[in-house]
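These are the residues of each chain, in order.
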Amino acid sequence: MSEIDTKYAALGGASGFLGAPEGPEKSTPDKVGRFRHYKHGSIYWHPLTGAHEVHGLIRAKWAKLGWEKSFLGYPKTDETDSSGGAKGRFNLFQGGAITWKSGADEAFETHGAIRSKFGQMGFEAGFLGYPTTDETKTPDKVGRFNHFEGGSIYWKPTISAHEVHGLIRGLWQSQGWEKGELGYPISDELPAFKGSKHRFNDFENGVAYWKHGSKKAVPLSKFVLFDASRTAAEMVASISEAILPEIKKDDRIYIKSGPKLTGVTDYAWNGARVRNRLYKIHVGGGIDVSALPDPTFTIDFLIGVDFNREKKQIWTYLDSAKFHAHVPFPTSIGLDASEITGKIKKALDPLVGKPQGMTTISENKAHILSVKVMKNGDLNTYLVPLADA
């Protein structure tokens, strides 16, 4: 007997829910496993997962997605009772799961980072409930999402997956989801501060805030007092004050151009949290060597911004820098470009990751929600409205 035969017998054989075989056991189209179809379902076998049955609307969804040749791969479990409060069923597969809620006319799949986030929220037993869509490409063609009974989870490559629900989700939906002004969520819904009933979601381009008891959520405006928010020009000036003196400690070094803001990076997911956009700063300079053509250099900095919510502090830091030097003839005799970039790198290395230009918000009731580098280079800081603190 094959493992499929053994599984079939364990499920009651022809008198079980699968019913009679509809044909012989066969090799799967991917040439890796085996399967056999029955009147009311199928059993699939893979050398790494063993033999498992799949039937009903879960089987129908799996078939629609491409059986074992789909991203889900082979079943890893039989159909099993779900943990949700309402009765439901699921099968786990190599690449995800298909879940069905009792009474629904369709089952839905979840996989990847969205399923991982779904798991963190308690799967269907959590407040999100059962999925109401498969994972789907977003209208902007960049990200992915699943809708659930109690909210949604959105994923973008640079920010991973985050949930949004309730009135904050309603606000975001009214603005056009990810194509609206706020962009994608970069946090789950969170309390505004420890012990607070007010809630917020951080988004790429702003913050959505809900005051406990209110009938709607609102987008917050940036906080402008205490130098908490700054223009791009002010940020470049602040960066210049922090970094250029370190380069010019050698009095032969001079700055020819910059610092110039050339753009900002996208957000970046580091596996634990979303890292802020980074400033791209370009500087050009030279080294005075009398009576000979001066060597020149360029530096392209990546400058970050971070904050400590508890201490109400905001600061910049040097993330990294790339160097290029040119030594013209005849200056090049006895002088190598790597020596120049080495000296500059040695001066800057102690600054990597070190807080610079720290600002402390002195308002006692202030609670920082987010500090974000905007696409135009402005630095926007968002606080809990002082009346709600």
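Residues numbered from 1 in each chain as written. Predicted model: local features only at pLDDT ≥ 70, side-chain atom pairs only at ≥ 80, totals over all residues. Heavy atoms only, no water.

The name that an unreviewed UniProt entry assigns to the chain is LGFP repeat-containing protein, with the source organism given as Thalassococcus arenae.

## Concerning a nonpolar patch on the surface
Together, Val224, Leu225 and Phe226 make up a nonpolar patch on the protein surface, roughly 280 Å² of accessible area in all. Assignment of secondary structure puts Leu225 in the loop between strand E16 (218-219) and helix H5 (232-247). (Patch = residues over 30% accessible without salt bridge, like charges linked within 9 Å, V, L, I, M, F, W, Y side chains within 5 Å. Areas by Shrake-Rupley, 256 points an atom, 1.4 Å probe, with all protein chains shown as cover. Salt bridge = Lys/Arg side-chain N within 4 Å of Asp/Glu carboxyl O. Helix = DSSP H or I, 4+ residues; strand = E, 2+ residues; numbered from the N terminus.)

## Points about the nonpolar core
Core analysis: the largest hydrophobic core is formed by 35 residues, its most contacted members being Ile243, Ile247, Tyr279 and Phe301. Going through the elements one at a time, H5, strand E17 (253-264), strand E20 (279-287), strand E21 (296-308), strand E22 (313-326), helix H6 (337-348), strand E24 (368-373) and strand E25 (379-383) are the ones with two or more residues in this core. Ranked by residue count, the leading element in this core is H5, at seven residues. Contact partners of Phe301, with chain neighbours within four places excluded, come to Ile243, Ile247, Tyr279, Lys280, Ile281, Val283, Leu318, Ser320, Ala321 and Leu348. (Core = buried A, V, L, I, M, F, W, Y, C linked by side-chain atoms within 4.5 Å. Buried < 20%, exposed > 50% of the residue type's maximum accessible area, 1.4 Å probe, protein only. Contact = heavy atoms within 4.5 Å.)

## A word on the sheet that holds strand E23 (residues 356-360)
Judged by pairing direction, the sheet is antiparallel, and its five strands sit side by side in the order E17-E20-E21-E22-E23 without closing on themselves. Both outer strands of the open sheet, E17 and E23, are each paired with one neighbouring strand and no more. Pairs of neighbouring strands in the sheet enclose a mean axial angle of 20°, with direction left out of account. By the bridge criterion, eight bridges tie E20 to E21 in an arrangement that is antiparallel. Residue pairing for E21: Lys280 is matched across the bridge by Leu302. Running over the sheet, H6 touches E20, E21 and E22 and is turned about 170° from E22. (Pairing = 2+ DSSP bridges. Axes fitted to C-alpha atoms, helices over the stretch in contact; angles between N-to-C directions.)

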